[in-house]
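Summary of the model geometry
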Amino acid sequence: MTIAKKLQDYIDREGVAYDTVAHHRTATTSQSAQAAHVPGRRLAKSVVVHHEMGYVLAVVPSTHRIELTTLQEVMDRRLGLASEEEVSALFSDCDEGAVPPIGLAYDVPVVLDESLENGGDVYFEGGDHRTLVHVSGPAFRTLTKDARIARFSHPA
């Protein structure tokens, strides 16, 4: 696998330029950043959370941890981490734990930590544990145009 089909189709429909960065198989986004020799603060990590009305994709730099209490306040909802089964159902063309931060490709709303909004290049999982997608800051903003922007993380 390189890039998940739904993700690639969405990126292509948006006309966004991207390239991929191959690396050896990793288990975490922090390991992916190291393996691909990219700054961890530029690698967007996706966490799927659920609430009584559905799901939300919370996106933070791989160097950060989500403050769930703060995110609940931002969303004005009680949140919990989605199970592996729920994530697999939503992101069926992605490997477990390799969820891209592009919710529009999967009809999942996104809340984006404001620390990713400073304009630099962004890398993110392409749907497997061996490929990162690399886009410019403006291209990332295009791909996450529906995202709610808020501060809900802190450096790990």
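For the structure itself, look to the data block above.
1. A look at helix α2 (residues 29–36)
Taken as a whole, α2 has its buried residues at T29, S32, A33, A35 and A36. The arc that holds the buried residues of α2, viewed along the axis, is 165 degrees, so those residues lie on one side. Residue H37 follows α2 closely and has a positive phi angle near 60 degrees.

2. Quick notes on unusual backbone geometry
Only a minority of non-glycine residues have a phi that is not negative, and only a minority of peptide bonds are not trans. Positioned with a positive phi, H37 is a non-glycine residue whose angle comes to about 60 degrees. Relative to the helices and strands, H37 resides in the loop between α2 and β2 (43–51). Judged by relative accessible area, H37 falls into the exposed class, the value being 73%. Although it is not a glycine, D76 adopts a positive phi angle of roughly 55 degrees.

3. What about the environment of E52?
Structurally, the position occupied by E52 is in the loop between β2 and β3 (54–61). Residue class for E52 comes out exposed when judged on its relative accessible area of 57%. For the pair E52 and R78, spaced 26 residues apart in sequence, the C-alpha to C-alpha distance is 7.8 Å. Not counting residues within four places of it along the chain, the set of residues in contact with E52 comprises R77 and R78.

4. So, the pairing of strand β8 (residues 131–135)
Within β8, five of the five residues are buried, which leaves it mostly tucked inside the rest of the structure. Of the two faces of β8, the one carrying T131, V133 and V135 and the one carrying L132 and H134 are both buried. By the bridge criterion, four bridges tie strand β1 (residues 19–22) to β8 in an arrangement that is antiparallel. By the bridge assignment, A22 is partnered in β8 with T131. Sheet topology note: the strand β7 (residues 122–125)/β8 ladder contains four bridges and is antiparallel.

5. Quick look at helix α3 (residues 68–75)
An α-helical segment advances 3.6 residues per turn. Residues three or four places apart therefore align on the same side. L71, V74 and M75 are the residues of α3 that are buried. The arc that holds every buried residue of α3, seen down its axis, measures 90 degrees, which confines them to one face. Summarising the geometry of α3, the exposed residues directed more than 90 degrees from the buried face are T69 and E73. Once α3 finishes, D76 follows within two positions and takes phi at roughly 55 degrees, a positive value.

Reading guide: rules and limits
Residues numbered from 1 in each chain as written. Predicted model: local features only at pLDDT ≥ 70, side-chain atom pairs only at ≥ 80, totals over all residues. Heavy atoms only, no water. Buried < 20%, exposed > 50% of the residue type's maximum accessible area, 1.4 Å probe, protein only. Helix = DSSP H or I, 4+ residues; strand = E, 2+ residues; numbered from the N terminus. Arc of directions from axis to C-beta. Contact = heavy atoms within 4.5 Å. Pairing = 2+ DSSP bridges.

Don't take any of this as a statement about function, it's just geometry.
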